[in-house]
Amino acid sequence: MTTPLLSDSEGPADALPVCLTSPTVAILGSGDFARSLALRLVASGVRVVVGSRCVNRIPSGLFPDAVELRNQEGAVSQAVCLVFMALFPEHYCSLLGLQSALAGKVLVDVSNAAEMNIHGLSNAERLAELFPNSLVVKGFNTVSTWELQTGAHDGSRQVLICSNSTEGKKKVVQLARQMGFHPVDMGGLSAAREIEVAPLRLLPSWSGPVVVTFLLFLFFYGYGVLLGILLPFLAQGHNAFYRLALDLVNESLPAVALVTLALVYFPGLFAAWLQLWSGTKYRRFPSWLDNWLQRRKQLGLLSFLGAALHGVYSLCLPLRRISLHRIVNTIFIGLVCDLKCLTTLGVWRSELYLSCGVLGLGVLSLLAVTSLPSVGNTLNWREFTFVQSGLGYIALTLSIMHTLFFGWDFAFHIEAYPFYMPPSYLLAVVLPCIVLVCRCFLLLPCIFTRLTRIRRGWESKRNCPHDGKRLM
Ligand code: NAP
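What you see is a predicted model, and the numbers here were worked out from it, not measured in a lab.

Engineer: So what exactly am I meant to see when it comes to the site of the ligand here?
Structural biologist: In the neighbourhood of the ligand, 20 residues make up the surrounding shell, with Ser30, Phe33, Ser52, Arg53 and Leu87 lying closest. Between an oxygen atom of the ligand and a main-chain N or O atom of Asn112, the distance comes to 3.1 Å. Relative to its free-state accessible area of 890 Å², the ligand is covered by the protein chains to the extent of 80%. Among the residues making up the shell around the ligand, the classes are represented as seven nonpolar, ten polar and three charged.

Engineer: Explain the layout of surface pockets to me, please; I cannot follow it from the model alone.
Structural biologist: Using a probe with the size of a water molecule, rolled over the atoms, empty space left in the structure can be pinpointed. By volume, the largest pocket amounts to about 1400 Å³. Around the largest pocket, the lining is made up of 44 residues, and of these Asn250, Glu251, His310, Tyr353 and Phe406 lie nearest the centre. If you list the elements that add at least two residues to the lining of the largest pocket, you get helix 9 (207–236), helix 10 (247–278), helix 12 (296–316), helix 14 (344–370), helix 16 (381–407) and helix 17 (424–442). Here the lining of the largest pocket gets ten residues from one element, more than from any other, and that element is helix 14. Considering only residue class, the lining of the largest pocket consists of 25 nonpolar, 14 polar and five charged. Of the voids in this model, the second largest pocket is the one considered here, and its volume is about 1200 Å³. Together, 32 residues line the second largest pocket, and Arg296, Trp381, Thr385, Gln388 and Ser389 are the ones closest to its centre. The set of elements that each furnish at least two residues to the lining of the second largest pocket consists of helix 10, helix 12, helix 14, helix 16, helix 17 and helix 18 (445–455). The element contributing the most residues to the lining of the second largest pocket is helix 16, with eight residues. In terms of residue class, the lining of the second largest pocket is built from 20 nonpolar, seven polar and five charged.

Engineer: Just checking my understanding: could you explain the sheet that holds strand 2 (residues 47–52) for this structure?
Structural biologist: What holds strands together in a sheet is hydrogen bonding between their backbones, with the strands either parallel or antiparallel. Across the sheet, which stays open at both edges, the eight strands sit in the order 3-2-1-4-5-6-7-8 with mixed pairing between neighbours. Each end of this open sheet is capped by a strand with a single partner; those strands are strand 3 (68–71) and strand 8 (182–185). On average, each strand axis in the sheet is inclined to that of its neighbour by 30°, with strand direction left out of account. Pairing of strand 1 (residues 24–28) with strand 2, which is carried by five bridges, proceeds in the parallel orientation. Residue Ile27 lies in a different strand from strand 2, and its bridge partner there is Val50. Together, strand 4 (82–85), strand 5 (106–109), strand 6 (135–138), strand 7 (158–163) and strand 8 form the strand contacts of helix 7 (residues 166–178), whose direction differs from that of strand 7 by roughly 170°.

Engineer: What am I meant to see in the pattern of salt bridges here?
Structural biologist: Where charged atoms of side chains with opposite charge meet at close range, the side chains can pair. Inspection of the entire model under this criterion finds ten salt bridges. As a salt-bridge pair, Glu68 and Arg47 come within 2.9 Å of each other at their nearest N and O atoms. Placement of Glu68 in strand 3 and of Arg47 in strand 2 is noted, with a sequence separation of 21 residues between them. Given the relative accessible area of 26%, Glu68 is considered partly exposed. Taking the shortest distance from any N to any O, the salt bridge between Arg243 and Asp247 comes out at 2.9 Å. When salt bridges that share partners are traced, they join Arg47, Glu68 and Arg70 into one network.

Thresholds, definitions, all that
- Residues numbered from 1 in each chain as written.
- Predicted model: local features only at pLDDT ≥ 70, side-chain atom pairs only at ≥ 80, totals over all residues.
- Heavy atoms only, no water.
- Near = heavy atom within 4 Å.
- Polar contact = N/O pair within 3.5 Å; in protein donor to acceptor, adjacent residues only side chain to side chain.
- Areas by Shrake-Rupley, 256 points an atom, 1.4 Å probe, with all protein chains shown as cover.
- Nonpolar A, V, L, I, M, F, W, Y, C, P; charged D, E, K, R; others polar.
- 1 Å grid on protein atoms, 1.4 Å probe; cavity = no way out; pocket = protein on both sides within 12 Å on 5 of 7 lines; lining within 4 Å.
- Points joined across faces, edges and corners; volume = space filled by probe spheres on them.
- Helix = DSSP H or I, 4+ residues; strand = E, 2+ residues; numbered from the N terminus.
- Pairing = 2+ DSSP bridges.
- Axes fitted to C-alpha atoms, helices over the stretch in contact; angles between N-to-C directions.
- Contact = heavy atoms within 4.5 Å.
- Salt bridge = Lys/Arg side-chain N within 4 Å of Asp/Glu carboxyl O.
- Buried < 20%, exposed > 50% of the residue type's maximum accessible area, 1.4 Å probe, protein only.

As far as function goes, none of this settles anything; it's purely spatial.
Next comes the structure, spelled out in structure tokens:
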């Protein structure tokens, strides 16, 4: 939604229960939406009359006893002010005979768009054209029948509302509040197009981060296949295709999690350096950076998913047949050759590697939990920044250490570079290390002070050349 969300706080007069101003609300249509809406209205203390083309067809018990069932004309005549159009927009024309009865009344259009790319007028605008003497308000279409029935304590509580009539909008806002929803004023009726397609959108803010994470996974998985399976098979005939199912997935997941976590903090650093370079915070960031900054939460959650899956996969590793085979082999070779392969350094390495991994995952879980609106809303801005930024960098540092302890001194051995290609974990730490180094630079007093001044509104002379003249 690009339209600014207006505050839903109104004066005390608006908080009056609807029944005082509009005792009876009519619903035209007796389908799923009409039924759920009637249930919720009755539960909120509103008198409801349902208008159907054929009342006799409505099974008994479908609506609560408190709901009066009438024909369409009867229902409209009972409604003092509000009439919900709980039917599909294709059928609006069939109500043209009720034009005079509906004149002066508020018609609430609850319909959704049939497809994402709508051309021309929205359903609500078409309804306004058909009934020029009524006040058309768009609303409640973003609320599902399930949300209407589950009550005020579950499901989404936002109701997006728009209309060209302030009076009509005010009445619908009051009713929405009485039903336990949060009405959000989206402006004039032209906003209806955006509201009508809102329920058709599939996770709009997730598509970019999911695509990036998926591409990263494909890259690391493909790299692992090439380096660990295909090249050894072609060069030495060594068959390790069984690694495709578990081993390689488990190798790729931490790399993806680490790079994705770095991508959470990279745009913030980029923005800071951009502000330092331009000497002002009043220059707009390029739109791609703006979008990236807005997707940090999703990237963080996907990083957590990757790390959590890596944890589960790692716990499953000893259950594999190949692990059992290797353990038996190691014991046998140890017995036969009397190998003393357990070095203190090796023990330290594995202890630190595992500990950093577990701690990193723990901190990352904390970040994921605080990014949930219900938890995040209980934190003030400072607490939220401390968790998301402070603890976030700690999670990133722990994850890098986990990877480096895993690599330990192997990274400096020639065997770590078969076919002159670096192992994937080395590729995975490049970006996170760059992020940490850039962050450390930003903490240098000379840079930090300048950045703080810029963020408090100071601008370099280059950006406000008339400053001196104004002072004179
Ligand atoms: P539905 O179950 O098919 O009900 C539509 C109702 O329209 C029928 O029961 C019928 O009631 C009435 N109607 C009036 N004139 C009609 C005509 N000429 N031809 C056919 N039916 C006529 O549909 P619904 O799910 O309740 O959806 C109704 C509206 O709510 C739609 O615009 C939809 O986009 C919107 N909506 C639905 C949901 C949802 O979760 N279902 C959520 C948000 C918005 P009578 O036979 O009694 O007249």
